[in-house]
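As a plain string of letters, each chain reads:
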Amino acid sequence: MTARGHRRGAAAAVLLFLLALAATGCGGGDATGAGGGAPGAGTIGTAAVLPVAERPSAPDTAGRDLTGRDLALRSYRGKVVVLNVWGSWCAPCRAEAAELEALRGAAAPRGVELLGVNVRDRSTGPAREFERTYGLRYPSIHDPDGMLLLDFPPALLNPQAIPSTLVIDRQGRIAVAVSGPVTRAQLEPLVDRVAGEDG
């Protein structure tokens, strides 16, 4: 089987699992490194800024936004990016939405951008209504099958854990990984630390 075939098979398995979770709400749990001491995602209460030497590069995530326009993570290089994985069906995502929009407004002068990845919404209609309801002014890539999530290090972005949030530094490296919902007050100090780095 080709590498592409393996990836499709893995994506199908993940999708089936995610669809099973959808009946009961959002996925959860921390993503941890296989090596015990390896850095991994934590809840917002345990998340920390990774040392520069331990930061993996974020994948070149790209797709269509909820209005059909092309959108790519690489276009944000030189900015700090808060990448949030969400779905309109997810109660914790609804709870954190206004917090993330407040963070976007406060952090923009420091060169921080927000970017969403919308998952498990089969069409863009519910996701666009979610954006209108919560006044979200940042774009989201539509990823109904969760395929884009498979390109991230699984210890830092668990496809089963929705919502999840990453902070990506100006060089495109993953500096913070959070599994589960966040608030502005909890996330902003971590974002500020990454935004304050020299490079």
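A quick note: this is a predicted structure, and the numbers were derived from the prediction, not measured. (Residues numbered from 1 in each chain as written. Predicted model: local features only at pLDDT ≥ 70, side-chain atom pairs only at ≥ 80, totals over all residues. Heavy atoms only, no water.)

1. Focus: the environment of Leu150
The line we're drawing: Numbered from the N terminus, helices here are DSSP runs of H or I no shorter than four residues, and strands are runs of E no shorter than two. Buried residues are those whose accessible area, probed at 1.4 Å on protein chains only, stays under 20% of the maximum for their type, while exposed residues exceed 50% and partly exposed ones sit between those limits.
Among the secondary structure elements, Leu150 is positioned in the loop between strand E5 (140–143) and strand E6 (164–168). On the basis of relative accessible area, Leu150 is assigned to the partly exposed category, the value being 27%. Separated by 91 residues in sequence, Leu150 and Pro59 have C-alpha atoms that sit 9.7 Å apart.

2. Some remarks on the pairing of strand E4 (residues 112–119)
Note the following rule: The pairing criterion for strands is at least two bridges between them, as found by DSSP. Note on handedness: a crossover is taken as right-handed if, strands pointing away from the viewer, the path from the first strand over the helix to the second is clockwise.
The element E4 is largely enclosed, with a buried count of 7 among its 8 residues. Relative to E4, strand E3 (residues 80–86) is paired through 7 bridges, and the arrangement is parallel. Bridge pairing in E4 places Trp86 opposite Asn118. You can see the chain leave E3, run along helix H2 (residues 91–107) and come back into E4, and the turn it takes is right-handed.

3. Remarks on the confidence of the model for the protein chain
Keep this limit in mind: Confidence of the prediction at every residue is given by pLDDT, a number between 0 and 100. Only heavy atoms enter the contact rule, under which two residues are in contact if any of them lie within 4.5 Å.
Looking at the protein chain, pLDDT values average 86 and 80% of them are 70 or higher. In the predicted structure, residues 29–38 sits below a pLDDT of 50 and forms 17 contacts with residues beyond four places in sequence or in another chain.

4. Some thoughts on the sheet that holds E5
The strands making up a sheet are joined through hydrogen bonds of the backbone, oriented either antiparallel or parallel. Heads up, the rule is: The axes used here are C-alpha line fits, helices contributing only the stretch in contact, and every angle between their N-to-C directions lies in the interval 0 to 180 degrees.
What the 5 strands build is an open sheet, ordered E5-E4-E3-E6-E7; its pairing is mixed. Of all strands in the sheet, those with a lone pairing partner are E5 and strand E7 (174–179), marking the two edges. Looking at each pair of strands side by side, their axes are set apart by 15° on average, direction ignored. Inspection of the sheet shows E6 paired to E7 by 5 bridges, in the antiparallel sense.

5. Concerning the packing of aromatic side chains
Quick reminder of the rule: The rule is short: rings of Phe, Tyr and Trp, with Trp giving its six-membered ring, pair when the centres are within 6.5 Å, and they are stacked under 30 degrees, edge-to-face over 60, tilted in between.
Enumeration according to the criterion identifies 2 aromatic pairs in this entry. Consider the rings of Trp86 and Phe130, whose centres lie 4.5 Å apart with planes at 25°: the pair is stacked. Here the residue Trp86 occupies a position in strand E3, and Phe130 occupies one in helix H3 (residues 124–134), the gap between them amounting to 44 residues. Exposure remark for Phe130: the relative accessible area of 6% places this residue in the buried category. Residues Phe130 and Tyr134 carry aromatic rings whose centres are separated by 4.9 Å and whose planes lie at 50° to one another, so their mutual orientation is tilted. Here the residue Phe130 and the residue Tyr134 both occupy positions in helix H3, the gap between them amounting to 4 residues, near one helical turn.

6. Describing the side chain of Asn118
Stated formally: Under the rule applied, a polar contact is a pair of N or O atoms within 3.5 Å (in protein, one hydrogen donor and one hydrogen acceptor; residues adjacent in sequence only if both atoms are side-chain atoms).
Checked against the element boundaries, Asn118 lands in strand E4. The exposure class of Asn118 is buried, given its relative accessible area of 0%. Of note is the side chain of Asn118, whose polar atom sits 2.6 Å from the side chain of Asp121. Apart from the residues within four sequence positions on either side, Asn118 is in contact with Leu66, Trp86, Gly87, Ser88, Ala127, Ser140, Ile141, His142, Asp143 and Pro144.

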